[in-house]
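# Survey of secondary and tertiary structure
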Amino acid sequence: MTIVRVVVSVGLLGFLFYKTGPDKIVDAVRAADPWMVVAIFALMFAEHIHGTYKWMILLRHTASNVPFWPMIKIRYLSAFIGTFGLGAVTIELVRMYGLARYTSDLAMSFTSILMDRLLGLTGLSLMILFGVVMESRERVAGIEYWAIGALVLILAGWLAIMNPWFRRLTDQLILFKLNMVKKINRSFEERQESGDPQPDKLVRRVKRGVIRLLLSVLEMVRDKQNKVYQSLDTYRGRPGLLAWGMVQSLVFNVLRIAVVWAGALAVGIELPISAYLVVVPAVIFAMLIPISMAGWGVREAMFVSLFTLYGADGDTVLAMSLLVGVCAVLSTTPGAVILMTGTAIPSKPNGGIAP
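Conventions used here
- Residue numbering note: each chain is counted from 1, following its sequence as written.
- This being a predicted model, a pLDDT of at least 70 is required before a residue's local features are given, and a value of 80 or more before pairs of side-chain atoms are given or counted; all residues contribute to the totals for chains, interfaces and linings.
- Here the side-chain values reflect all heavy atoms present in the structure, with hydrogen atoms and water set aside.
- Any Lys or Arg side-chain nitrogen found within 4 Å of a carboxyl oxygen on Asp or Glu counts as a salt bridge.
- Put simply, DSSP H or I for four residues or longer makes a helix, DSSP E for two residues or longer makes a strand, and each gets a number counted from the N terminus.
- Note on classification: 1.4 Å probe, protein chains only; a residue is buried when its accessible area is under 20% of the maximum for its type, exposed when over 50%, partly exposed between these limits.
- Each residue after the first adds 1.5 Å to the expected span of a helix.
- Any two residues whose heavy atoms approach within 4.5 Å at even a single point are treated as in contact.
- Whenever a helix is involved, its axis is fitted only over the stretch in contact; in every case the axis is a line through C-alpha atoms, and angles between N-to-C directions fall within 0 to 180 degrees.
- Angles are sorted into four bins: roughly parallel if under 35 degrees, roughly antiparallel if over 145, roughly perpendicular if 65 to 115, and oblique for all others.
- N or O atoms closer than or at 3.5 Å make up a polar contact, with two conditions inside protein: a donor-capable atom paired with an acceptor-capable one, and, for residues adjacent in sequence, both atoms drawn from side chains.

For the rest of this paragraph, the subject is the pattern of salt bridges. Under the criterion given, the structure shown has seven salt bridges. K54 is the partner of D116 in a salt bridge, and the nearest nitrogen-oxygen pair spans 2.5 Å. Separated by 62 residues along the polypeptide, D116 in helix α6 (residues 106–134) and K54 in helix α3 (residues 34–57) bring together distant segments of the chain. Note on D116: relative accessible area 5%, which makes it buried. For R117, the salt bridge identified is with E92, shortest N-O distance 2.2 Å. Pair noted here: R117 is in helix α6 and E92 is in helix α5 (residues 88–103), with a separation of 25 residues, a long-range link. On the accessibility criterion, R117 (28% relative accessible area) is partly exposed. Under the relative-accessibility criterion, E92 is labelled buried at 14%. In the salt-bridge network here, residues are joined through shared partners; they are K54, E92, R95, D116 and R117.

Here you go:
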């Protein structure tokens, strides 16, 4: 998969460079307004700060009172590592591990990140619909149907994780598998007691090891699932908390859109605000698909293909996307410093991930 992601990123970037020419891209970046580049970094800094605050809102109801400083360190570290991995997937895994190490509560860590991600995806879908409503004529054909479809799937996810019936169903499925493996284990033990005709002792040991491994894994999964559901229950009776989290997710997405808007102005692209509301969330959705290295190539191809529908020059759009991408990587340098100083994942004196 790593090879596939590298091939996708390099292939898309190589194709775009071939059609544009490196000289044009370099000239466009050199001619960028330095003050707008400063604005890009300022907005990215605000994005990290607000993203940390948004995450902390979802942790207010828990017994773990996590200070701001460990949270911002975890966020910067995850952003830095995410630039060299699967992007959003790597970012969320590092965030989950970092918070679990500090709070000794893996279920709560996973749940808070799950809620944060669901709120963010809901906000992205709403942004696209806002942009479509603001447009005088449709530029990206069918984008509203994709946004509505994504919103329906996200709402289905909300209902699933909050619905007791769905929880009972998943628990029954795991319990069914667990009982089936236990039945196989009893049958295996009975054959051993009555004298197994299988002469190969190695085969018997492998069978016994596989059965015990399956039992351990299924029991662990059921235990973790129950803990996650218990953590999710703390959100069910707090609609005000979720509503405030939704507001903050919309603000966070506005900051992400503002970063691209500043990048466009830096290279001389002027488009209506509806273009950014439609295109930027669509690009973020595409970058969430783990088929490239941290979204490189996918981001550039999406920006070029969509912004040109609004009349922007493709060469300039490519330069803008690369400029924003490089600034995004540079904005995570505090995460590199945290990693090199050996204080990457803060932990309490009695910290550690709960079993």
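Right, picking up where we left off after that structure.
Between its terminal C-alpha atoms helix α11 (residues 273–287) stretches 21 Å, which fits the 21 Å expected from 15 residues at 1.5 Å a residue. Burial runs high along α11: twelve of the 15 residues are buried. Burial in α11 covers these residues: S274, A275, Y276, L277, V278, V279, V280, P281, A282, V283, I284 and A286. Packing partners of the buried residues in α11 comprise α6, α7 (143–162), α10 (239–266) and α12 (298–307).

This next bit is on the packing of helix α4 (residues 68–82) against helix α14 (residues 333–340). At a closest axis distance of 7 Å, the pairing of α4 and α14 adopts a crossing angle of 100°. As the angle between them shows, α4 and α14 are arranged roughly perpendicular. In this structure, α4 uses K73, Y76, L77 and F80 to contact α14, whose residues at the interface are P334, G335, A336, I338 and L339.

Turning our eyes to something else, we now look at the side chain of E92. Only 2.2 Å separates the side chain of E92 from the side chain of R117, close enough to count as a polar contact. Those residues in contact with E92 that sit more than four places away from it in its chain are I113 and R117.

Positive phi values are uncommon outside glycine, yet S104 reaches one of about 60°. Relative accessible area serves as the criterion here: at 25%, S104 is assigned to the partly exposed category. For A294, which is not glycine, the phi torsion reads 55° and is therefore positive. By the element assignment, A294 lies in the loop between α11 and α12. The buried category is assigned to A294, whose relative accessible area is 15%.

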